[in-house]
Amino acid sequence: LSGNSPGAVRILDETPSSIRILVERQATVAAVDRLVIARLALPGWTASAAGRELPIETIDKSLLAVRLPDTPNLEIALAYYPRGLNVGALISAATLLGLAAIALRKP
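Given the structure is predicted, the values throughout are model-derived calculations rather than measurements. (Residues numbered from 1 in each chain as written. Predicted model: local features only at pLDDT ≥ 70, side-chain atom pairs only at ≥ 80, totals over all residues. Heavy atoms only, no water.)

**Student:** Any chance you could break down the pairing of strand E4 (residues 45-49) for me, citing the residues and the numbers?
**Tutor:** Burial of E4 is one-sided: the residues Trp45, Ala47 and Ala49 facing one way are buried, the residues Thr46 and Ser48 facing the other way are not. By the bridge criterion, 4 bridges tie E4 to strand E8 (residues 73-80) in an arrangement that is antiparallel. Bridging from a neighbouring strand, Thr46 pairs with Ala79 of E8. One ladder, built from 3 bridges, connects E4 with strand E5 (residues 52-54); its direction is antiparallel. When the sheet's bridge partners are listed, Ala49 is paired in E5 with Arg52. Connecting E4 to the next strand, E5, in antiparallel fashion are 2 residues, including Ala50 with a positive phi near 55 degrees. (Buried < 20%, exposed > 50% of the residue type's maximum accessible area, 1.4 Å probe, protein only. Helix = DSSP H or I, 4+ residues; strand = E, 2+ residues; numbered from the N terminus. Pairing = 2+ DSSP bridges.)

Below you can see the structure in the form of structure tokens.
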């Protein structure tokens, strides 16, 4: 947490492409405004809490940070879905089908 207030952060679940984090902070403190996460700030990360999308920032030109709403306890879900994944998968599938058709063609 960035800011000067007491609080706690717990990772609830983590995979290479998603993280669930519980942020607990005192209700009277509004100084904590973002959570910095030790992950590369690559395009494709999204963050949400309670069904609302949260703004994502880049800290120190490489780390991921999430702007926190003014809520004492908050569960944040981060997900990574790289840009171009669907297009790449379609190109790969079409290539495999083409190679299979060539291999199955009788001389």
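Right, picking up where we left off after that structure.
**Student:** Can you break down the sheet that holds strand E7 (residues 63-67) residue by residue, with the values?
**Tutor:** The strand order across the open sheet built from 3 strands is E3-E7-E6, with neighbouring strands paired in antiparallel fashion. Each having just a single partner strand, strand E3 (34-40) and strand E6 (56-59) make up the two edges of the open sheet. Recorded for the sheet is a direction-independent mean angle of 35 degrees between the axes of neighbouring strands. Bridge count between E6 and E7: 4 bridges; the pairing is antiparallel. Its bridge partner lying in E7, Ile59 is registered against Leu63. (Axes fitted to C-alpha atoms, helices over the stretch in contact; angles between N-to-C directions.)

**Student:** Requested: an account of unusual backbone geometry, with residues and values cited.
**Tutor:** Its identity as a non-glycine residue notwithstanding, Ala50 has a phi of 55 degrees, on the positive side. With phi around 65 degrees, Lys61 is a residue other than glycine that occupies positive phi space.

**Student:** An account of the packing of aromatic side chains is needed here, citing residue identities and associated values.
**Tutor:** Throughout the structure, instances matching the rule amount to 1 aromatic pair. Judged by centre distance (5.3 Å) and plane angle (40 degrees), the rings of Trp45 and Tyr80 are tilted. Within this pair, whereas Trp45 is found in strand E4, its partner Tyr80 is found in strand E8, the two being separated by 35 residues in sequence. For Trp45, a relative accessible area of 11% corresponds to the buried category. (Phe/Tyr/Trp six-rings, centres within 6.5 Å; stacked < 30°, edge-to-face > 60°.)

**Student:** Would you mind going over the sheet that holds strand E1 (residues 7-15) in detail, with residue names and values included?
**Tutor:** Pairing within the open sheet is antiparallel, and its 5 strands lie in the order E1-E2-E8-E4-E5. Edge strands, defined here as strands with exactly one partner in the open sheet, are E1 and E5. Strand after strand, the sheet turns through a mean of 25 degrees between neighbouring axes, direction not considered. Bridge count between E1 and strand E2 (residues 18-25): 8 bridges; the pairing is antiparallel. Looking at the pairing, Ile11 lines up with Ile21 of E2.

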